[in-house]
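# What the coordinates show
Residues per chain are reported as follows:
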Amino acid sequence: MVRILLAEDDDSMRAYLARALERSGYDVVAVATGAQAVPHIESDRFDLLLTDIVMPEMDGIELAQHTASVAPDTRIMFITGFAAVTLKAGKAVPQAKVLSKPFHLRELVLEVERMFGSESLTGLN
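Computed from a predicted structure; not experimentally measured. The numbering scheme is per chain: residues are counted from 1 as the chain's sequence reads. Per-residue local features are limited, in this predicted model, to residues with pLDDT of at least 70; the limit for side-chain atom pairs, both in listing and counting, is 80 or more; totals at the level of whole chains, interfaces and linings are taken over all residues. In computing side-chain values, all of the structure's heavy atoms are included and hydrogens and water are not.

## Some thoughts on helix α3 (residues 60-70)
Taken as a whole, α3 has its buried residues at G60, I61, L63, A64 and T67. Take α3 and look down its axis: the buried residues cluster within an arc of 160°, on one side only. Counted as a polar contact is a pair of N or O atoms within 3.5 Å, where, for protein atoms, one must be capable of donating a hydrogen and the other of accepting one, and residues adjacent in sequence contribute only when both atoms are in side chains. Secondary structure counts use DSSP, requiring at least four H or I residues in a row for a helix and at least two E residues in a row for a strand, with both numbered from the N terminus. Looking at where α3 begins, the residue whose side-chain oxygen comes 3.0 Å from the main-chain nitrogen of I61 is D59. Classification of residues uses two cut-offs on accessible area relative to the type maximum, computed with a 1.4 Å probe and protein chains only: under 20% is buried, over 50% is exposed, and between them is partly exposed. This arc is taken over the directions from the axis of the helix to the C-beta atoms.

## Some thoughts on the UniProt feature "modified residue: 4-aspartylphosphate" (unreviewed entry) in the protein chain
The feature "modified residue: 4-aspartylphosphate" (unreviewed entry), as given by UniProt, occupies D52 in the numbering adopted here. Note on placement: D52 falls in strand β3 (residues 48-52). We call two residues in contact whenever any of their non-hydrogen atoms come within 4.5 Å of each other. Sequence-distant contacts of D52, defined by excluding residues within four places in its chain, comprise A7, E8, D9, G60, I79, T80 and K101. UniProt positions are given in the numbering used here, feature names are shortened, and annotations may be inferred rather than shown by experiment.

## Comments concerning the pairing of strand β4 (residues 75-80)
When a strand is regular, its side chains alternate between the sheet's two faces. In terms of residue burial, β4 counts as a mostly covered element, since 5 of its 6 residues are buried. A pair of strands is treated as paired once DSSP finds two or more bridges between them. Pairing analysis gives 5 bridges linking β3 to β4, with the strands arranged parallel. The residue bridging D52 from the neighbouring strand is I79, located in β4. In the classification by handedness, the crossover that spans β3, the intervening α3 and the parallel β4 is right-handed. Relative to strand β5 (residues 97-100), β4 runs parallel, the two being bridged by 4 bridges. Paired with T80 across the bridge in β5 is S100. Classification remark: right-handed applies to a crossover when, strands pointing away from the viewer, the course from the first strand over the helix to the second runs clockwise.

## Here we look at the sheet that holds β4
What the 5 strands build is an open sheet, ordered β2-β1-β3-β4-β5; its pairing is parallel. Edge positions in the sheet fall to β2 (27-31) and β5, since each of these pairs with one other strand and no more. Shown here is a sheet whose adjacent strand axes are inclined to one another by a mean of 20°, direction ignored. For strand β1 (residues 3-7) and β3, the ladder comprises 4 bridges, and the chain directions are parallel. Residue pairing for β3: A7 is matched across the bridge by T51. A fitted line through C-alpha atoms serves as each axis, taken over the contacting stretch for helices, and the angle formed by two N-to-C directions is quoted from 0 to 180°. Strands β1, β3 and β4 of the sheet are contacted by α3, whose axis makes an angle of about 160° with β3. Against the sheet, helix α5 (residues 105-116) engages β1, β3, β4 and β5, with an angle of about 165° to β4.

Structure (structure tokens):
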């Protein structure tokens with residue numbers, strides 16, 4: 001089962017994304033900040049870090065760079081509502097996928113499935 005660490009500071013968005021990903025068959029650990037994500041990255045294995053870029057304490061780009069250094073096999077996907085930040089994200093972690101808000105949950109699930117080679121949509125038909 002694909003394990004996802006979700007870092008999103010908006011409570012309702014975090015719950016919404018986690019629920020959709022879990023219904024699609026993913027194992028999700030959700031945290032509110034990049035700083036809360038760090039101990040998970042350092043002590044556990046995740047297939048994907050799904051992180052908002054603009055967060056308090058530690059932004060998603062810093063979290064992604066830390067993840068790349070401690071867990072280089074972890075794939076990274078940014079979610080952001082700020083177009084200008086997207087350019088910075090791509091330069092900071094070139095292999096990362098960037099998904100701009102607003103997006104449909106089906107779009108998110110499809111992107112995750114593309115990353116891991118899954119061919120069927122589950123839960124969001």
